[in-house]
There are 2 protein chains.
Amino acid sequence: METPIEQAVAVLRRNQLKITKQRQALLDYLVTYQDHYVAISEVDEHMRTLFAGMSHNTIYRNVKEFETLGLLELKSQANQTLVKYQCDFEHQHHHHFVCSNCGKVTELQACPLDEYEAQLPGCTITGHRMEIYGLCAECTQKQAN
Amino acid sequence: METPIEQAVAVLRRNQLKITKQRQALLDYLVTYQDHYVAISEVDEHMRTLFAGMSHNTIYRNVKEFETLGLLELKSQANQTLVKYQCDFEHQHHHHFVCSNCGKVTELQACPLDEYEAQLPGCTITGHRMEIYGLCAECTQKQAN
DNA sequence: AAACTAAATAGTAATGATTATGATTTAGTT
DNA sequence: AACTAAATCATAATCATTACTATTTAGTTT
Ligand SMILES: [Mn+2]
Ligand SMILES: [Mn+2]
Ligand SMILES: [Zn+2]
Ligand SMILES: [Zn+2]
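Residues numbered from 1 in each chain as written. Chains lettered and ligands numbered in written order. Predicted model: local features only at pLDDT ≥ 70, side-chain atom pairs only at ≥ 80, totals over all residues. Heavy atoms only, no water.

For this particular structure, what's the right way to read the coordination of the manganese ion (ligand 1)?
In an ideal tetrahedron of four donors about a metal, each angle is 109.5 degrees. In an ideal octahedron of six donors, the angles are 90 or 180 degrees. Residue and element names in this part refer to chain A. Taken together, E73 (OE), C87 (SG), H94 (NE2) and H96 (NE2) make up the protein donors of the manganese ion (ligand 1), found 2.1 to 2.4 Å from the metal. Coordination of the manganese ion (ligand 1) draws on donor residues from a single chain, spaced E-x13-C-x6-H-x1-H in sequence. Of the two residues, E73 is situated in strand β2 (residues 72-77) and H94 in the loop between β3 (80-85) and β4 (95-99); the sequence distance between them amounts to 21 residues. With relative accessibility at 13%, the residue E73 sits in the buried group. (Donors = N, O, S within 2.8 Å, 3.2 Å for Na, K, Ca; no water. Helix = DSSP H or I, 4+ residues; strand = E, 2+ residues; numbered from the N terminus. Buried < 20%, exposed > 50% of the residue type's maximum accessible area, 1.4 Å probe, protein only.)

The following block contains the structure:
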């Protein structure tokens, strides 16, 4: 059974990208964000303390490259880019529920896109985003008390 | 029949906000973006040529204030905040199709939220976003030729 | 109509995330 | 061990946005 990092490294190999110690360290850190988003700027800050002198450029470039390879999920929020390790490496399409208190990300089943195609005659649909916000069950519990 | 700007001014009055010439000019400009998003930074740039010396602060502050009043719709994209004049002042909840070529925004009917509530037992849902991307009918046509 | 005052704006500078660039290093290959 | 394209470093720049304080003004009161 492959670990998430082994899977990611395999993807890098498959794409002829070099396995540098910087990329290893980046994956090691990002894999701790499998069910939470984190700001790239925070990743940047962390990597540079952990890895003295690591270049901003290297961090931002690799995060974006990893995203195009399907290793990470990105989203834009409040003038920042947030990143999360990909939920599932089979890239099966899905949507999220995000807790606005603790940040926990939950995967949702089903996709609403089909319902809308009839409303867009003549259009070409290339993508979509859906995300639900609120308090997870745990945070809802705590809040009640 | 009230114009969109008259409606907006009425909302400002109702909330005891002052009708300044800066706010008037801002509304006059933003009302031209009823079916397209525009970056706030571009609004800022435009307002400052049109209105020499207008403060960045004033522009950003008012855009955000107008959003909380329901006059505008905001979204985050590529480290910028985009803004659009509200589609309909009754604030009826809806979603958008956005053309990635010409930027045209089309309102969609129906909301998929209900389908997901059963998947989130014990959670508190406070909001959601859904947006579909692609080419509008016009841009699909042009592309075909 | 003048005075009043809280709200709004101007003017200037700072902040912070991200990107640019050219020199140097290195992973993987030959 | 040499080679080389790819990756990283080191440094500075860019650009959207925010901060701060003095000044102005819209709407109210006298
Ligand atoms: Mn996911
Ligand atoms: Mn709308
Ligand atoms: Zn939570
Ligand atoms: Zn279009």
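Got a minute to help me understand the packing of aromatic side chains in this structure?
All told, the structure shown has four aromatic pairs over all chains when counted by the stated rule. Note on Y29(A) and Y33(A): the rings are 5.6 Å apart at their centroids and 75° apart in plane angle, and the pair reads as edge-to-face. Residues Y85(B) and F89(B) carry aromatic rings whose centres are separated by 5.8 Å and whose planes lie at 45° to one another, so their mutual orientation is tilted. Of the two residues, Y85(B) and F89(B), neither departs from the other in class, the shared state being buried. Residue placement shows K75(A) over the ring face of Y37(A); its charged tip is 4.6 Å from the ring centre. (Phe/Tyr/Trp six-rings, centres within 6.5 Å; stacked < 30°, edge-to-face > 60°. Lys NZ or Arg CZ within 6 Å of the ring centre and 35° of its normal.)

How do you make sense of the interface of chain A and chain B when you look at a structure like this?
For interface size, the figure often reported is the accessible area lost on association. The interface is formed by 34 residues belonging to chain A together with 34 residues belonging to chain B. At the boundary of chain A with chain B, total buried surface from both sides reaches about 2700 Å², with 57% on carbon and sulfur atoms. For the pair chain A and chain B, the interface holds zero salt bridges. Here chain A and chain B share 20 residue pairs in polar contact (both at pLDDT 80 or more) between them. Contributions of two or more residues to the side of chain A that touches chain B are made by β2, β3, β6 (124-135) and α6 (137-144) of chain A. No other element matches β6(A), which puts 12 residues into the side of chain A that touches chain B. Tallied by class, the residues present in the side of chain A that touches chain B amount to 18 nonpolar, 14 polar and two charged. Where β6(A) lies against strand β6 (residues 124-135) of chain B, 11 bridges are found, and the strand directions are antiparallel. The residue of β6(B) that forms the bridge with E131(A) is R129(B). (Contact = heavy atoms within 4.5 Å. Buried area = accessible area lost by both parts, 1.4 Å probe. Salt bridge = Lys/Arg side-chain N within 4 Å of Asp/Glu carboxyl O. Polar contact = N/O pair within 3.5 Å; in protein donor to acceptor, adjacent residues only side chain to side chain. Nonpolar A, V, L, I, M, F, W, Y, C, P; charged D, E, K, R; others polar. Pairing = 2+ DSSP bridges.)

Mind showing me how you'd approach the side chain of T81(A) here?
Within the secondary structure layout, T81(A) lies in strand β3. Polar contacts involving the side chain of T81(A) include one to the side chain of N79(B), which spans 3.2 Å. In this view, T81(A) contacts V38(A), A39(A), I40(A), L74(A), K75(A) and N79(B); residues no more than four positions away in its chain are not counted.

Looking at this structure, how should I read the layout of surface pockets?
Take a probe with the size of a water molecule and roll it over the atoms, and the empty space left behind shows itself. Residue and element names in this part refer to chain B. Its boundaries defined by the atoms lining it, the second largest pocket holds a volume of some 180 Å³. Around the second largest pocket, the lining residues are H36, Y37, K75, Q77, L82, V98, C99, C102, G103, V105 and Y133. Within the residue set of the lining of the second largest pocket, elements represented by two or more residues are β2 (72-77) and β4 (95-99). Among the residues forming the lining of the second largest pocket, the class breakdown is seven nonpolar, three polar and one charged. Split by domain, the residues of the lining of the second largest pocket number at least three in each of domain 1 (4-85) and domain 2 (95-144). (1 Å grid on protein atoms, 1.4 Å probe; cavity = no way out; pocket = protein on both sides within 12 Å on 5 of 7 lines; lining within 4 Å. Points joined across faces, edges and corners; volume = space filled by probe spheres on them. Domains from an automatic or database assignment.)

Whenever I open this one, the sheet that holds strand β1 (residues 38-39) of chain B confuses me. Can you help?
Within a sheet, each strand pairs with its neighbour through backbone hydrogen bonds, oriented either parallel or antiparallel. Pairing is antiparallel across the open sheet formed by three strands, whose spatial order is β1-β3-β2 (chain B). Pairing within the sheet leaves two strands with one partner each, and these edge strands are β1 and β2 of chain B.

I'm lost on the relation of the copies chain A and chain B in this one. Help?
Each of the two chain copies can be brought onto the other by rotation about an axis and movement along it. With an RMSD of 0.1 Å, the operation that places chain A on chain B is a rotation of 180° combined with a shift of 0.0 Å along the axis. On this basis, the relationship between the two copies can be described by a two-fold rotation axis. (Least-squares fit on C-alpha atoms with pLDDT ≥ 70 in both.)

Can you walk me through the protein's contact with DNA strand C in this structure?
As a structural note, the neighbourhood of DNA strand C is formed by 23 residues, with N57(A), Y60(A), K64(A), T20(B) and Q22(B) the closest of them. What you see for DNA strand C is that sugar and phosphate hold 69% of its atoms within 4 Å of the protein. Within the side chain of K18(A), a nitrogen or oxygen atom sits 3.1 Å from a base nitrogen of DNA strand C. In the environment of DNA strand C, a phosphate oxygen lies 3.3 Å from a nitrogen or oxygen atom belonging to the backbone of G53(B). For the surface near DNA strand C, the elements supplying multiple residues, two or more each, are α3 (40-50), α4 (56-68) and β3 of chain A together with α2 (21-30) and α4 (56-68) of chain B. Considering every element that reaches the surface near DNA strand C, the biggest residue donor is α4(A), with four residues. Of the residues belonging to the surface near DNA strand C, the class tally is five nonpolar, 13 polar and five charged. (Near = heavy atom within 4 Å.)

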